[in-house]
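Residue strings, one per chain:
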Amino acid sequence: MSQSAPITAGPPPATSRAQAGTRAQAGTRAQASIQAMAVRSAEIEAELRRVPRSFRILTGDRPTGPLHLGHYFGTLQNRVRLQDLGADVLVLVADYQVITDRDSGAGLAADVFGLVADNLAAGLDPGRATIFAHSQVGALNQLMLPFLSLLSVAEVGRNPTVKEEFAASGGAVMSALMFTYPVHQAADILACRANLVPVGKDQLPHVELTRTIARRFNERYSPAGAFFTPPDALLGAVPLLLGLDGQKMSKSRGNTIPLSAAEDETARLIRGARTDAQRRITYDPAGRPEVSNLVLIAALCQGRSPEGVAEEVGDGGAARLKAVVTEAVNERLRPIRARRRELAADPGYLLGVLRRGNDRAAALAEDTLNSVRELMRMTY
């Protein structure tokens with residue numbers, strides 16, 4: 001505040017009250033939207049069990065390093081579940097999105113094949129699921145051009161991922177690719193004609209933007225009958241796992257337990273996890289987040305309640321808790337790690353899986369692009 005600005009007591013200016021009211025209304029609308037999505041997700045779950053083959057599902061990851069325990073409980077298990085139900089599951093290896101914040105492609109190929117191995121080791125079957133890479137599906141990326149024409153710069157800029165990335169950069173220059181990331185995600189979904197996208201609550205704006213693009217394309221180029229089906233979001237009960245340092249779990253922070261980690265490395269990582277000074281172990285996520293996070297990891301790995309794990313450890317303190325977590329994680333991941341070692345030893349097999357997935361995704365995207373060209377009167 002400048003020295004010339006007066007400091008006054010009393011009620012805030014009308015503009016501040018209006019802004020506060022607008023923010024409150026926006027928060028209320030967002031909460032209502034999430035509740036509506038949750039209701040719709042419950043309906044979709046019932047439909048999945050009844051007619052799983054009516055769903056084509058798109059999900060994916062950025063190949064920025066080995067997948068970790070958070071990915072396993074947050075997304076990989078659900079992918080396998082949906083595959084086993086009989087839905088058509090497509091897994092995108094979003095390699096183009098890696099270069100939004102990387103100056104070189106060095107090491108990217110290894111990360112791509114590592115991501116394929118992680119998904120297969122977790123239980124995805126390449127005979128029933130499709131794994132493909134952004135950069136190998138030209139028609140998908142070409143769809144970004146007409147999709148960009150359906151949005152304003154302001155609409156893209158309001159996307160939470162774009163705003164968070166800009167804030168994280170400290171106001172530094174953002175690449176145009178990063179700015180258009182939400183539209184690229186829409187192209188991923190619509191190119192494959194996916195009608196269901198598993199997401200967390202923080203990713204709902206991406207699905208909503210995709211739905212907006214689908215509706216606007218239909219209104220402009222296919223008014224007689226909708227060409228694109230606006231996809232639904234599938235909200236799951238994704239556990240919120242913190243990193244071993246008590247912060248958000250992230251590969252870039254180095255606070256994860258990679259699926260590919262050896263058992264002794266896992267023990268070392270868990271020994272270094274943050275806890276607190278209380279000896280009695282309890283499950284209290286709000287009051288004791290670091291301790292409760294370790295309790296939750298053990299519970300998820302053992303298929304038990306976190307309260308039961310905490311009661312078992314009791315007065316054993318942090319050392320006993322960490323021993324329980326280490327044993328639980330290593331036991332749960334042992335078969336996955338064994339399968340991953342087999343896969344990593346056969347790069348030719350991984351390449352074959354990826355190429356077959358690329359071919360199928362390319363065929364789907366090419367068919368979509370051809371139809372889009374026809375609807376836009378661009379077949380010449």
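In what follows, the accompanying structure is described. (Residues numbered from 1 in each chain as written. Predicted model: local features only at pLDDT ≥ 70, side-chain atom pairs only at ≥ 80, totals over all residues. Heavy atoms only, no water.)

### Section: the overall build of the protein chain
Here's step 1: Counting its secondary structure elements, the protein chain contains 15 helices and five strands.
Here's step 2: Computed over C-alpha atoms, the radius of gyration of the protein chain comes to 23 Å, within 12% of the 21 Å expected from 2.2 N^0.38 for 380 residues, which places it in the range of a compact globule.
Here's step 3: In terms of overall dimensions, the protein chain has a C-alpha envelope of 75 × 70 × 45 Å along the principal axes.
Here's step 4: Looking at the protein chain residue by residue over its 380 residues, the buried ones come to 46%.
Here's step 5: Long-range pairs, those at least 24 residues apart, make up 75% of the contacts in the protein chain between residues at least 6 apart in sequence.
Here's step 6: With the model as given, the accessible surface of the protein chain reaches about 19000 Å², and the carbon-plus-sulfur share is 54%.
Here's step 7: Across the protein chain, the 44 positively charged side chains and the 39 negatively charged ones have centroids separated by 3 Å. (Helix = DSSP H or I, 4+ residues; strand = E, 2+ residues; numbered from the N terminus. Rg over C-alpha atoms; globule rule 2.2 N^0.38 Å. Buried < 20%, exposed > 50% of the residue type's maximum accessible area, 1.4 Å probe, protein only. Contact = heavy atoms within 4.5 Å. Areas by Shrake-Rupley, 256 points an atom, 1.4 Å probe, with all protein chains shown as cover. Lys, Arg positive; Asp, Glu negative; His and termini not counted. Charge placed at Lys NZ, Arg CZ, Asp CG, Glu CD.)

### Observations concerning the packing of helix H12 (residues 289-302) against helix H14 (residues 317-344)
If you want to describe how two helices pack, look at the angle between their axes and the distance between the axes.
Here's step 1: Put simply, H12 and H14 touch, their axes get as near as 8 Å, and they point 35 degrees apart. Along this stretch, H12 crosses H14, giving a crossing that reads as left-handed. The segment H12 lies against H14, with Val291, Leu294, Val295, Ile297, Ala298, Leu300, Cys301 and Gln302 engaging Leu321, Lys322, Val324, Val325, Ala328, Val329 and Arg332.
Here's step 2: When its residues are assigned to classes, the contact of H12 with H14 shows 12 nonpolar, one polar and two charged. (Axes fitted to C-alpha atoms, helices over the stretch in contact; angles between N-to-C directions. Left-handed = near helix turned anticlockwise from the far one by under 90°. Nonpolar A, V, L, I, M, F, W, Y, C, P; charged D, E, K, R; others polar.)

### Some words on the nonpolar core
Here's step 1: Leu48, Val116, Leu120, Ile131, Leu321, Val325 and Val329 are the most contacted members of the largest nonpolar core, which totals 61 residues.
Here's step 2: Contact partners of Leu321, with chain neighbours within four places excluded, come to Ile281, Val291, Leu294, Val295 and Val313.
Here's step 3: In terms of nonpolar packing, the next biggest core, distinct from the first, is built from 41 residues, Leu143, Phe228, Ala233 and Val372 among them. (Core = buried A, V, L, I, M, F, W, Y, C linked by side-chain atoms within 4.5 Å.)

### Topic: the packing of aromatic side chains
Ring pairs (aromatic) are described by centroid distance and by the angle formed between their planes.
Here's step 1: For the structure shown, the criterion picks out six aromatic pairs.
Here's step 2: With a centroid separation of 5.2 Å and an interplanar angle of 70 degrees, the aromatic rings of Phe217 and Phe228 are classed as edge-to-face. Of this pair, Phe217 sits in helix H10 (residues 204-221) while Phe228 sits in the loop between H10 and strand E5 (232-235), and the two are 11 residues apart along the sequence.
Here's step 3: Under the relative-accessibility criterion, Phe228 is labelled buried at 1%.
Here's step 4: In textbook terms, an aromatic cluster arises when at least three aromatic residues are bridged by ring pairs, as seen for Phe147, Phe217, Tyr221, Phe227 and Phe228.
Here's step 5: The positively charged end of Arg193 is found above the aromatic ring belonging to Phe227, 4.1 Å away from the centroid. (Phe/Tyr/Trp six-rings, centres within 6.5 Å; stacked < 30°, edge-to-face > 60°. Lys NZ or Arg CZ within 6 Å of the ring centre and 35° of its normal.)

### Remarks on the environment of Ile34
Here's step 1: As for its placement among the helices and strands, Ile34 is situated in helix H1 (residues 14-50).
Here's step 2: Along the sequence, Ile34 and Asp202 sit 168 residues apart, while their C-alpha atoms lie 9.9 Å from each other.
Here's step 3: Among residues more than four places away in sequence, those in contact with Ile34 are Lys201, Leu204 and Leu235.

### Side note on the pairing of strand E3 (residues 129-133)
Here's step 1: Burial of E3 is extensive: five of the five residues sit out of reach of the surface.
Here's step 2: Where burial is concerned, the two faces of E3 agree: the one with Ala129, Ile131 and Ala133 and the one with Thr130 and Phe132 are both buried.
Here's step 3: Bridge analysis of strand E2 (residues 88-93) against E3 gives five bridges, and the strand direction is parallel. The residue bridging Val89 from the neighbouring strand is Ala129, located in E3. (Pairing = 2+ DSSP bridges.)

### Quick word on the pattern of salt bridges
Here's step 1: Per the stated rule, a full pass over the model turns up 23 salt bridges.
Here's step 2: Residue Asp61 is joined to Arg79 by a salt bridge in which the shortest nitrogen-to-oxygen separation is 2.9 Å. Taken as a pair, Asp61 in strand E1 (residues 56-61) and Arg79 in helix H2 (residues 69-85) lie far apart in primary sequence, 18 residues in all. Each member of the pair, Asp61 as well as Arg79, is classed as buried.
Here's step 3: Taking the shortest distance from any N to any O, the salt bridge between Arg340 and Asp118 comes out at 2.4 Å. (Salt bridge = Lys/Arg side-chain N within 4 Å of Asp/Glu carboxyl O.)

### Here we look at H2
Here's step 1: Between its first and last C-alpha atoms H2 spans 23 Å; for 17 residues at 1.5 Å apiece the expected length is 24 Å, and the two agree.
Here's step 2: Along H2, the helix axis deviates most sharply at Thr75, where the bend reaches about 35 degrees.
Here's step 3: All buried positions along H2 are accounted for by Leu69, Gly70, His71, Tyr72, Phe73, Gly74, Leu76, Arg79, Val80, Leu82 and Gln83.
Here's step 4: Phi turns positive, to about 115 degrees, at Gly86, one or two residues after H2. (Expected span 1.5 Å × (residues − 1). Bend = angle between axes of the 7 residues up to and from the residue.)

### Comments concerning the pairing of E2
Here's step 1: The buried count for E2 comes to six of six residues, which makes it a mostly enclosed element.
Here's step 2: Alternating positions in E2 separate into two faces, Asp88, Leu90 and Leu92 on one and Val89, Val91 and Val93 on the other, with burial throughout.
Here's step 3: Between the parallel pair E1 and E2, the chain is carried across by H2, and the sense of this crossover is right-handed. (Right-handed = clockwise from strand over helix to strand, strands pointing away.)

### Things to note about the environment of Val353
Here's step 1: Tracing the chain through its elements places Val353 in helix H15 (residues 347-375).
Here's step 2: Classification of Val353 as buried rests on a relative accessible area of 4%.
Here's step 3: Remark: the alpha-carbon pair of Val353 and Leu120, spanning 233 residues in sequence, is separated by 9.7 Å.
Here's step 4: Residues contacting Val353, with those up to four places away along its chain left out, are Val116, Leu120, Pro126 and Ile131.

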